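Residue-level listing of the chains:
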Amino acid sequence: FTVSFKRTEDGVQTTTAPKVTDVKAKNSSELTVTFDKVVDGVTATDVANYTIPGLEIEAATLNPVADGKQTVTLKIKDGSNTLDGDRQITIKNVKAKDGEVMKEQTFTVEMKENVAPVVASAKFSTTENGKVTAITLTFSEAVTVTEDAFEVFVGNATTATATTTDAVTTKA
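Think of each chain on its own: its residues are numbered from 1, step by step along the sequence as written. This being a predicted model, a pLDDT of at least 70 is required before a residue's local features are given, and a value of 80 or more before pairs of side-chain atoms are given or counted; all residues contribute to the totals for chains, interfaces and linings. Side-chain descriptors were evaluated using all non-hydrogen atoms of the structure, hydrogens and water having been removed beforehand.

**Q** If you had to explain the overall build of the protein chain to someone new, which residues and values would you point to?
**A** Helix and strand assignments follow DSSP, with helices taken as H or I runs no shorter than four residues and strands as E runs no shorter than two, numbered in order from the N terminus. Along its length, the protein chain carries 1 helix and 11 strands. N-terminal to C-terminal, the α/β element order of the protein chain is β-β-α-β-β-β-β-β-β-β-β-β. With the model as given, the accessible surface of the protein chain reaches about 12400 Å², and the carbon-plus-sulfur share is 50%. Per-residue and other accessible areas follow the Shrake-Rupley method at a 1.4 Å probe size, with only the shown protein chains counted as cover for residues.

Written out as structure tokens, the structure reads:
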């Protein structure tokens, strides 16, 4: 069997590679990357195509096309970003839907740390006649506490609580 091809005149490339037009932090654990055109879902959701030194990108989710542009939401691993400030993100190897591969691009994005505070200690701080009247919780960082933030259980029932806060900041 024979296969033959007939070459005609050279055509003009009608496709262009996608370009990133914007990168923004949605919150402390998510970034939105905006492409100027519709992109290939396989390459756009490959986390290996996105690099932020010192951070782990857990997932890349392709969002619906809007106004001819497409966005990808990057999920940063919780607890991996310990500092507020500017971060460099490099994006590469994402294809347009028609297959043209983008050139590597690097952006600066301002990010907030995403380490959740933890209880460093919990102490019965005041007792009267053998009964606890106050519990002091110390967190790993400053937290904002609402009046109904905690419930205290005695047996299987909650007991009335009053919440007070004292903001104490210490530097290492």
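**Q** If you had to explain the sheet that holds strand β2 (residues 30-35) to someone new, which residues and values would you point to?
**A** Backbone hydrogen bonds are what pair the strands of a sheet, in a parallel or an antiparallel way. Read across the sheet, 4 strands follow the order β1-β2-β5-β4 without closing on themselves; strand pairing throughout is antiparallel. Of all strands in the sheet, those bounded by a partner on one side alone are β1 (20-27) and β4 (57-62). On average, each strand axis in the sheet is tilted by 20° relative to the strand beside it, whichever way the strands run. In this sheet, β2 lies alongside β1 in antiparallel orientation, the contact comprising 6 bridges. For Val 20, the partnering residue across the bridge sits in β2 and is Phe 35. We call two strands paired when DSSP finds no fewer than two bridges between them. Note on method: axes are straight lines fitted to C-alpha atoms, helices fitted across the in-contact stretch only, with angles between N-to-C directions ranging 0 to 180 degrees.

**Q** Can you lay out unusual backbone geometry for me, pointing to particular residues and giving the numbers?
**A** Phi angles above zero are rare outside glycine, and Asp 67 is one such case at about 55°. Along the chain, Asp 67 turns up in the loop between β4 and β5 (70-76). Phi at Asn 93 takes a positive value of approximately 60°, unusual for a residue other than glycine. Its location among the elements puts Asn 93 in the loop between β6 (85-91) and β7 (105-111). Whether a residue is buried, partly exposed or exposed follows from its accessible area with a 1.4 Å probe, protein chains only, as a fraction of its type maximum: under 20%, in between, or over 50%, in that order. Taking relative accessible area as the criterion, Asn 93 reaches 40% and is therefore assigned partly exposed.

**Q** Describe the side chain of Asn 81, with residues and values.
**A** The topology assignment puts Asn 81 in the loop between β5 and β6. Polar contact is the term for a pair of N or O atoms within 3.5 Å; when the atoms are in protein, one must be able to donate a hydrogen and the other to accept it, and sequence-neighboring residues count only if both atoms are side-chain atoms. At 3.1 Å, the side chain of Asn 81 and the backbone oxygen of Lys 112 are in polar contact. Excluding its chain neighbours within four sequence positions, the residues that come into contact with Asn 81 are Leu 55, Arg 87, Met 111, Lys 112, Glu 113, Asn 114 and Val 115. Contact definition: two residues touch when any of their heavy atoms are within 4.5 Å.

**Q** Outline the environment of Ala 120, listing residues and values.
**A** Within the secondary structure layout, Ala 120 lies in strand β8 (residues 119-128). Note on Ala 120: relative accessible area 55%, which makes it exposed. Considering only alpha carbons, one finds Ala 120 and Leu 137, 17 residues apart in sequence, at a separation of 7.6 Å. With residues near it in sequence (within four places) discarded, Ala 120 still touches Thr 138, Phe 139 and Ser 140.

**Q** Talk me through the environment of Ala 59; I want residue IDs and the actual numbers.
**A** With respect to the secondary-structure elements, Ala 59 resides in strand β4. Accessibility expressed as a relative area gives 31% for Ala 59, which makes it partly exposed. Once the C-alpha coordinates of Ala 59 and Ala 48 are considered, the two residues, 11 residues apart in sequence, prove to be 9.8 Å apart. Sequence-distant contacts of Ala 59, defined by excluding residues within four places in its chain, comprise Val 47, Thr 73, Leu 74 and Lys 75.

**Q** Give a detailed account of the sheet that holds β6, specifying residues and quantitative values.
**A** In spatial order, the strands read β3-β6-β7; together these 3 strands make up an open sheet with antiparallel pairing. Of all the strands in the sheet, just β3 (50-51) and β7 have a single pairing partner and so form its edges. As paired elements, β3 and β6 share 2 bridges and run antiparallel to each other. Considered in β6, the bridge of Tyr 50 is made with Ile 91.

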